[in-house]
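Descriptive structure summary
In case you want the letters, here they are:
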Amino acid sequence: MTNIASGYSILGRHNEANSKLLDALKIATALNGEMNQKNAVIYAALGVNYNDLENYNKSIEFHNKSLEIQYKTLGYSHPDVVTNLCNLSHSLTSIKDYSKALEHLEIALKINKKYFKPNHISFAFIFNSFGNAYMESNDLTNAIVYFNKALVVGKENIESGKRQLSESYNSLGLAYDKNKDYKNAIDCLKKSLLLKEIFFGFEHSETQNTTMNLILSLSSDGQMSNSIELLDKINKCKGQILENKILYLNDIALGSAIKGQIDQSNRIYDIAFFLLKNNKIKNDDFIKSVIYINYANIHCEFIDKGKALKSYRKAIKYSKHLKDNDFKNEIKKSYLACKKSTSD
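The structure contained in this document is the topic of the report that follows. Everything quoted here is computed from the prediction, not taken from an experiment. (Residues numbered from 1 in each chain as written. Predicted model: local features only at pLDDT ≥ 70, side-chain atom pairs only at ≥ 80, totals over all residues. Heavy atoms only, no water.)

1. Side note on the pattern of salt bridges
- Evaluation of the coordinates by the stated rule reveals 13 salt bridges.
- In this structure, the salt-bridge partner of Glu206 is Arg163, at a minimum N-O distance of 3.5 Å. You can see Glu206 sitting in helix H11 (residues 205–220) and its partner Arg163 sitting in helix H9 (residues 162–178), a full 43 residues away along the chain.
- Using a relative accessible area of 23% as the deciding quantity, one classes Glu206 as partly exposed.
- The residue Asp177 makes a salt bridge to Arg267 at a minimum N-O spacing of 2.7 Å. (Salt bridge = Lys/Arg side-chain N within 4 Å of Asp/Glu carboxyl O. Helix = DSSP H or I, 4+ residues; strand = E, 2+ residues; numbered from the N terminus. Buried < 20%, exposed > 50% of the residue type's maximum accessible area, 1.4 Å probe, protein only.)

Next up, the structure:
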């Protein structure tokens, strides 16, 4: 069952993987009790899957259960503990507990140094985890240092470490992008994308995520035509008419804003606005109304109420000839609410 679950995880089908893992957990517990290595492996896999599903508290719970078994059965300094500590640090980073994440990584690094040479592929995973924690805490200098360390190790293990190398390039690209060094970001993300296509195939969520990262770096570097050309490779945009691509961008921009990734949301809208400005669009008034009201809502809530009011006015202008009165009223209501909040 665990092998089947692993296959589902590689395909990005995490809920199906978790179902198989929970079945395996029941069997292993019935046969060997709670405190056995099989359970430690299953709990760790559940932790990774729940992290990918962005259920970080559940991920932390399962990683801690796995570590509890490992500590009791293997000891605190066993090399098998290292991967668990790194994966736990990813979830801790996601809930912004950076100090605890770095604390777990220091322990992992100390253990690894006892068992492996400095160029062992496992160090790439640890260095990547350090880089991720530093990047999310906005310490970009240390993030870039650790991602580069991971790259050095990955390059020395090119055959066994292609997946790790692809992740190192992706992470380093994101750090450069966040530091507004778009040339280096684009270079790293292109290398990551090439490796991920080989390892996962283009349809996989990890490959698709790197594609979107590259799209954003290209657009921020002023390479809008290259950015839009790459957009056609996104699963939900492939073969779609332009209107659907713009609405897709709107959806992921909203999703980014909900996650608090406001800068990313703005950059995605920049691509949508470029498409609107430079192309003839069917249902032009409706598409523009949708984009402008959502852009306005985000600005009113998080960024610039003045810019929000301008966008609401554009949404009202473009919705004037639409037949959907509920939608038109929603735009006007949002506009008036934002206007009122600026005078309060």
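2. Structural notes on the nonpolar core
- Formed by 48 residues in total, the largest nonpolar core has its most connected members in Leu231, Ile246, Ile271 and Tyr312.
- Element by element, the count of residues in this core is highest for helix H15 (residues 284–302), at 9 residues.
- Excluding anything up to four places from it in sequence, Leu231 contacts Met212, Ile215, Cys237, Lys245, Leu249 and Leu275.
- With 38 residues, the next largest nonpolar core counts Leu92, Ala101, Ala124 and Ala175 among its residues. (Core = buried A, V, L, I, M, F, W, Y, C linked by side-chain atoms within 4.5 Å. Contact = heavy atoms within 4.5 Å.)

3. Some remarks on the packing of helix H13 (residues 242–258) against H15
- Packing of H13 against H15 brings their axes to within 10 Å, and their N-to-C directions diverge by 15 degrees. In this view, H13 runs roughly parallel relative to H15, as classed from their interaxial angle. Once H13 is placed against H15, the crossing between them reads as left-handed. The segment H13 lies against H15, with Glu243, Ile246, Leu247, Asn250, Ala253, Leu254 and Ala257 engaging Ile287, Val290, Ile291, Asn294, Ile298 and Phe302.
- In terms of residue class, the contact of H13 with H15 is made up of 10 nonpolar, 2 polar and 1 charged. (Axes fitted to C-alpha atoms, helices over the stretch in contact; angles between N-to-C directions. Parallel < 35°, antiparallel > 145°, perpendicular 65-115°, else oblique. Left-handed = near helix turned anticlockwise from the far one by under 90°. Nonpolar A, V, L, I, M, F, W, Y, C, P; charged D, E, K, R; others polar.)

4. Focus on the packing of aromatic side chains
- Considering all chains together, one arrives at 17 aromatic pairs under this definition.
- Relative to Tyr76, the ring of Tyr71 lies with its centre 4.2 Å away and its plane at 20 degrees, an arrangement referred to as stacked.
- With a relative accessible area of 59%, Tyr76 lands in the exposed category.
- Look at Tyr292 and Tyr318: their rings are 5.9 Å apart centre to centre, the planes differ by 15 degrees, and that puts the pair in the stacked class. In this pair, Tyr292 is assigned in helix H15 and Tyr318 in helix H16 (residues 305–319), connecting sequence segments 26 residues apart.
- Take Tyr318: its relative accessible area is 17%, and that puts it in the buried class.
- Between Lys149 and the ring centre of Phe127, over which it is positioned, the NZ or CZ distance is 5.5 Å.
- Residue placement shows Lys149 over the ring face of Tyr146; its charged tip is 4.7 Å from the ring centre. (Phe/Tyr/Trp six-rings, centres within 6.5 Å; stacked < 30°, edge-to-face > 60°. Lys NZ or Arg CZ within 6 Å of the ring centre and 35° of its normal.)

5. Details of the state of the cysteines
- Scanning all chains against the criterion turns up 1 disulfide.
- There is a disulfide in this structure between Cys300 and Cys338, and the S-S distance comes to 2.3 Å. Taking the sign of the S-S torsion, 120 degrees for the link of Cys300 and Cys338, the bridge is right-handed. In this pair, Cys300 is assigned in helix H15 and Cys338 in helix H17 (residues 325–343), connecting sequence segments 38 residues apart.
- For Cys338, a relative accessible area of 1% corresponds to the buried category. (Disulfide = S-S within 2.5 Å.)

6. Some words on unusual backbone geometry
- Although it is not a glycine, Glu54 sits at a positive phi angle of roughly 65 degrees.
- For Glu54, the location among the structural elements is in the loop between helix H3 (37–52) and helix H4 (56–73).
- Although it is not a glycine, Lys180 adopts a positive phi angle of roughly 65 degrees.
- Here Lys180 is to be found in the loop between H9 and helix H10 (182–200).

7. Describing the side chain of Ser334
- Within the secondary structure, Ser334 sits in helix H17.
- Once you skip the residues sitting within four places of it in the chain, Ser334 turns out to touch Ile293, Asn297 and Tyr312.

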